[in-house]
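# Secondary and tertiary structure notes
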Amino acid sequence: MSLTSRKIYQGDCIELMRKIDAGSVDLVFADPPFNIGYEYDQYDDRQEDQKYLDWCRDWIREAHRILKPSGTFWLAIGDEYAAELKVAAQREIGFTTRSWVIWYYTFGVNCKNKFSRSHAHLFHFVKDEKNFTFNADDPAIRVPSARALVYGDKRANPKGRLPDDTWILRPQDFQSDRYGFTPDQDTWFFSRVAGTFKERQGFHGCQMPEQLLARIIRASSNPGELVFDPFSGSGTTLAVAKKLGRDFLGTELSTEYAKAATDRLKKIKSGDALDGPADPVASAPSTANGVRLGESGKRIRSTNAESIRSTARSIQADKISIQKGIIEAFLATHEGFSSDRVIADPHLNEAFIERCKFLGISESVADLNRMLMGLRKASKLRTRFTPRSITISRCEFDAYEFAAEMAWKMVRGKFNGASIDEILCDPEKVLLFDDIARDFSPGFKRVDYRWAALRIRKRGDALRKSLARDPSFSIGRLSPIVPLQEFRAEKYEQRPSIYVLKDQSKSDLFIGETSDFERRIKLHLTSWNLDKRPEFVSILPQQKHFKECKARLVARKNPILNVDLTVVKS
């Protein structure tokens, strides 16, 4: 029986890998035991050289077998066996080496009689040297060139550049500035996940940084493709794969690690922010306000007023820098549309998010959208350009506006009263919103439903003012309720109407307002995604103030699929 994805299987990796279909995996990342005597709970990390190397050859052969012809294999390994395993993978098993990356890290093991180790090897292998995934244009992979950063040269590629082959020093050895050490070479700087780091999973001592795994997964796989880790450990590879929208599968020898990593994965959703800063230099904690030893040998913490002010200035500067980056990303990608449209339009939003990542802003998609919306509300985008107008005919808008309101109400109920702004900013919420709206009125683009919801919200602001000015106007009497199947809607062809849909028990389901009652009723009869189906209908004679009448009726009756615009604000 083949293993299924989105799980961690406990057991021997070779035996379990043999249960995976050949040619079914897009990316294998392996960080095996280094055979240096590390204390694992169920594995002896002190094997004879030949036994260890033979074992590695066996699981690497399985990795080659399960990879698709276009698949990629990344191997993390220490100095002791790097040369032997590179030769075995390339000369004996059939992989082609694309890159030999050095991962440089802080918090390495301090040595007395040799230079302290602060690196590991990352071998980038492919199965077919002419057919493999390498997402060179991913903004999260590319980095600004010297042409752009140093010289301000207009010829610089706005997408940035790919990594160099170069030697570098540790960042603290540079005296110039924080960019003396850059992430654009084949030596990568990410701090190891030390015991005091917030992202540390307490059950596993050997944990890789999420940002490092993200670089590998982004470069060597695409959303929806399968990422496999034979030594899942703390589950970081699979956690990052899930956050980046990949499918995932893992094996792990330790029962305890497998359970803890599985629990970790259950708490993660696709689109969640990565743990740890994307800036390599920022991945090690600052020493500016740390602890030092005084003359008496006592530990002294820097808590003076200037240090506190410096920290506050640094935080404020970071906040301003992020805001400037978001504005820059918006201005580079908006195509003349407003910030609301950039958030609502999937294509514009994807370009905006990619630009933010390219600029080094590592917040989640939801947070980036919230910050853009916040800048709009703070009027920090208003004077920069005049947004393009969007013209939608009343007939077209009438065909899906009601579906947007129904979807808003249902997602609002699921997520504790979420505003439409919050729904549109959050990838999980907005995709659910799209699916619900499409069920009620199929055939339109995602941006149509989203933009309709924003127009409904904007109309609510106007309705509250209108109702406040004239709180006493009469709604009129609804017609007697009749079975929906017996209702002769053709009598109301292209007639504007307000109507109330009721379920079998005559409870109110939805109050609608439409310019073409016949078309709307036909849609309700053919597209309805709830168990509670409309069985009865009642209409309101034509009124001068249709929108105000509908808002009053919704406030009075509180149907299950309407948003009460008299009280709900964004």
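Residues numbered from 1 in each chain as written. Predicted model: local features only at pLDDT ≥ 70, side-chain atom pairs only at ≥ 80, totals over all residues. Heavy atoms only, no water.

### A word on the overall build of the protein chain
The criterion, for reference: Elements are defined by DSSP. Helices are runs of H or I of four residues or more, strands are runs of E of two residues or more, and each kind is numbered from the N terminus. Relative accessibility under 20% of the residue-type maximum defines a buried residue, over 50% an exposed one, and the middle range a partly exposed one, all with a 1.4 Å probe and only protein chains included. Here the accessible surface of atoms and residues is derived via Shrake-Rupley with a 1.4 Å probe, and residues count as covered only by protein chains that are part of the display.
Counting its regular elements, the protein chain contains 18 helices and 14 strands. Counting across all 570 residues of the protein chain, residues that qualify as buried make up 48%. Of the roughly 29000 Å² that the protein chain leaves accessible, carbon and sulfur atoms contribute 50%.

### What to know about unusual backbone geometry
Phi is positive for Glu335, close to 55°, though the residue is something other than glycine. With a phi angle near 55°, Asn558 is a residue other than glycine that sits in the positive phi range. Mapped onto the secondary structure, Asn558 falls in the segment after helix 18 (546-557).

### Quick look at the pairing of strand 12 (residues 497-502)
Rule in force here: When DSSP finds two or more bridges between two strands, those strands count as paired.
Counting buried positions along strand 12 gives 6 out of 6 residues, so the element sits mostly inside the fold. Residues Ser497, Tyr499 and Leu501 line one face of strand 12 and the alternating positions Ile498, Val500 and Lys502 line the opposite face, and both faces are buried. Relative to strand 13 (residues 508-514), strand 12 runs antiparallel, the two sharing 6 bridges. Bridging from a neighbouring strand, Val500 pairs with Ile511 of strand 13.

### Let's talk about the pairing of strand 14 (residues 536-540)
Burial within strand 14 is extensive, with 5 of its 5 residues counted as buried. Bridge analysis of strand 11 (residues 482-483) against strand 14 gives 2 bridges, and the strand direction is antiparallel. Bridge pairing in strand 14 links Pro483 to Phe536. Where strand 12 lies against strand 14, 5 bridges are found, and the strand directions are antiparallel. If you follow Lys502 over to strand 14, its bridge partner there is Phe536.

### Comments concerning helix 7 (residues 255-266)
Operational definition: By this rule the span expected of a helix is its residue count minus one, scaled by 1.5 Å. Note on contacts: a residue pair is in contact if any heavy atoms of the two residues lie within 4.5 Å. Pairs of N or O atoms within 3.5 Å make up the polar contacts considered here, provided that, within protein, one atom can donate a hydrogen while the other can accept it, and that residues adjacent in sequence are counted only when both atoms are side-chain atoms.
In this model helix 7 runs 17 Å from its N-terminal to its C-terminal C-alpha over 12 residues, within 8% of the 16 Å that 1.5 Å per residue would give. Taken as a whole, helix 7 has its buried residues at Tyr257, Ala258, Ala260, Ala261, Arg264 and Leu265. Where helix 7 is buried, its residues meet strand 1 (8-10), helix 5 (210-220), helix 6 (236-243) and strand 8 (247-252). By the N-cap criterion, in which a side-chain oxygen at the helix start approaches the backbone nitrogen of a residue two or three places on, helix 7 is capped by Ser254, the distance to Glu256 being 3.3 Å.

### Focus on the pattern of salt bridges
How we decide: Note on definitions: salt bridges are taken to be side-chain nitrogens of Lys or Arg within 4 Å of carboxyl oxygens of Asp or Glu.
A complete count under the given rule lists 31 salt bridges for this structure. Salt-bridge contacts for Arg457 lead to Asp340; the nearest nitrogen and oxygen are separated by 3.7 Å. Of this pair, Arg457 sits in helix 16 (residues 446-469) while Asp340 sits in helix 9 (residues 339-344), and the two are 117 residues apart along the sequence. Each member of the pair, Arg457 together with Asp340, is buried. Residue Asp367 pairs with Arg370 through a salt bridge whose shortest N-O separation is 2.5 Å.

### With respect to the nonpolar core
Here is the rule: What we call a nonpolar core is a set of buried Ala, Val, Leu, Ile, Met, Phe, Trp, Tyr and Cys residues that are connected through their side-chain atoms within 4.5 Å.
Phe352, Phe433 and Phe440 are the most contacted members of the largest nonpolar core, which has 64 residues in total. It is helix 16 that contributes the most residues to this core, 8 residues altogether. Residues contacting Phe440, with those up to four places away along its chain left out, are Phe402, Ala403, Met406, Met410, Ser527, Trp528, Asn529, Leu530 and Leu561. Counting residues in each nonpolar core, the second largest holds 38 residues, with Leu53, Tyr81, Phe231 and Tyr257 among its members.

### Details of the packing of aromatic side chains
When we look at a pair of aromatic rings, we describe it by the centre distance and by the angle of the planes. The line we're drawing: Classification of ring pairs uses Phe, Tyr and Trp, with its six-membered ring standing for Trp, and accepts pairs whose centres are within 6.5 Å; under 30 degrees between planes counts as stacked, over 60 as edge-to-face, and the remaining range as tilted. Should the NZ of a Lys or the CZ of an Arg lie within 6 Å of a ring centre and within 35 degrees of the ring normal, that charge is described as sitting over the ring.
Summed over all chains, the structure comprises 19 aromatic pairs. Aromatic side chains Tyr400 and Tyr449 sit 6.1 Å apart centroid to centroid with 80° between the ring planes, which places their arrangement in the edge-to-face category. Taken together, the positions of Tyr400 in the loop between helix 12 (394-398) and helix 13 (401-414) and Tyr449 in helix 16 put the pair 49 residues apart, joining distant regions of the chain. Relative accessible area serves as the criterion here: at 0%, Tyr449 is assigned to the buried category. Residues Phe440 and Trp528 carry aromatic rings whose centres are separated by 5.3 Å and whose planes lie at 80° to one another, so their mutual orientation is edge-to-face. Taken together, the residues span a long stretch of sequence, with Phe440 in helix 15 (residues 427-440) and Trp528 in the loop between helix 17 (517-526) and strand 14 at a distance of 88 residues. Both residues of the pair, Phe440 and Trp528, count as buried. An aromatic cluster is defined as three or more aromatic residues linked by ring pairs; in this entry it consists of Tyr43, Tyr52, Trp55, Trp59, Phe73, Tyr81, Phe95, Trp100, Phe123, Phe125 and Phe231. Cation over ring: Lys414 sits above Phe415, and NZ or CZ is 5.7 Å from the ring centre. The ring of Phe415 carries Lys429 above its face, with NZ or CZ at 4.8 Å from the centroid.

### Some thoughts on the packing of helix 10 (residues 346-358) against helix 11 (residues 365-377)
Keep this limit in mind: Orientation is described by lines fitted to C-alpha atoms, with helices fitted over the stretch in contact, and by angles between N-to-C directions that extend from 0 to 180 degrees. Between 65 and 115 degrees an angle is taken as roughly perpendicular, under 35 as roughly parallel, over 145 as roughly antiparallel, and anywhere else as oblique.
Close contact between helix 10 and helix 11 brings their axes to 11 Å; oriented N to C, the two are set at 100°. Judged by the inter-axis angle, helix 10 sits roughly perpendicular to helix 11. Contacts between helix 10 and helix 11 involve Asn349, Phe352, Ile353, Cys356 and Lys357 on the former and, on the latter, Val365, Leu368, Asn369 and Leu372.

### Let's talk about the sheet that holds strand 13
Spatially, 4 strands are ordered 11-14-12-13 in an open sheet, and the strand pairing comes out antiparallel. Across the chains shown, the open sheet's two edge strands, defined by having one partner strand only, are strand 11 and strand 13. Set on the sheet, helix 17 makes contact with strand 12, strand 13 and strand 14; between it and strand 12 the angle comes to about 20°.

### Side note on helix 10
For helix 10, with 13 residues, the first-to-last C-alpha span of 18 Å sits near the 18 Å given by 1.5 Å per residue. For helix 10, the complete set of buried residues consists of Leu348, Asn349, Phe352, Ile353, Cys356 and Phe358.

### Notes on the environment of Ser441
Secondary-structure assignment places Ser441 in the loop between helix 15 and helix 16. Linking Ser441 and Thr526, residues 85 residues apart in sequence, is a C-alpha distance of 9.2 Å. Other than its neighbours up to four places away in sequence, Ser441 contacts Ala399, Tyr400, Phe402, Ala403, Tyr449 and Leu523.

### A closer look at the confidence of the model for the protein chain
If pLDDT is low for a region, its predicted coordinates should not be looked at in detail. Threshold: Known as pLDDT, the predictor's confidence for each residue is given on a scale from 0 to 100.
Mean pLDDT over the protein chain: 79, with 73% of residues reaching 70 or higher. Mean pLDDT values over the elements of the protein chain span from 50, in helix 4 (residues 146-149), up to 97, in strand 2 (residues 25-30). The model gives residues 164-185 a pLDDT under 50, and that stretch makes 34 contacts with residues more than four places away or in other chains.

### What to know about the environment of Gly443
Structurally, the position occupied by Gly443 is in the loop between helix 15 and helix 16. For the pair Gly443 and Ala399, spaced 44 residues apart in sequence, the C-alpha separation works out to 9.9 Å.

### Re the packing of helix 2 (residues 49-66) against helix 3 (residues 79-93)
What counts, and what does not: In this scheme the handedness of a crossing depends on how the near helix is turned from the far one: anticlockwise by less than a right angle means left-handed, clockwise means right-handed. Note on residue categories: nonpolar means Ala, Val, Leu, Ile, Met, Phe, Trp, Tyr, Cys or Pro, charged means Asp, Glu, Lys or Arg, and polar means any other residue, Gly included.
Look at helix 2 against helix 3: their axes get within 10 Å of each other, and the N-to-C directions meet at 45°. In terms of orientation, helix 2 lies oblique with respect to helix 3. Here the hand of the crossing between helix 2 and helix 3 comes out right-handed. Between helix 2 and helix 3, the residues in contact are Asp49, Tyr52, Leu53, Cys56, Arg57, Ile60, Arg61 and His64 and Tyr81, Glu84, Leu85, Ala88, Ala89, Glu92 and Ile93, respectively. Of the residues belonging to the contact of helix 2 with helix 3, the class tally is 9 nonpolar, 1 polar and 5 charged.

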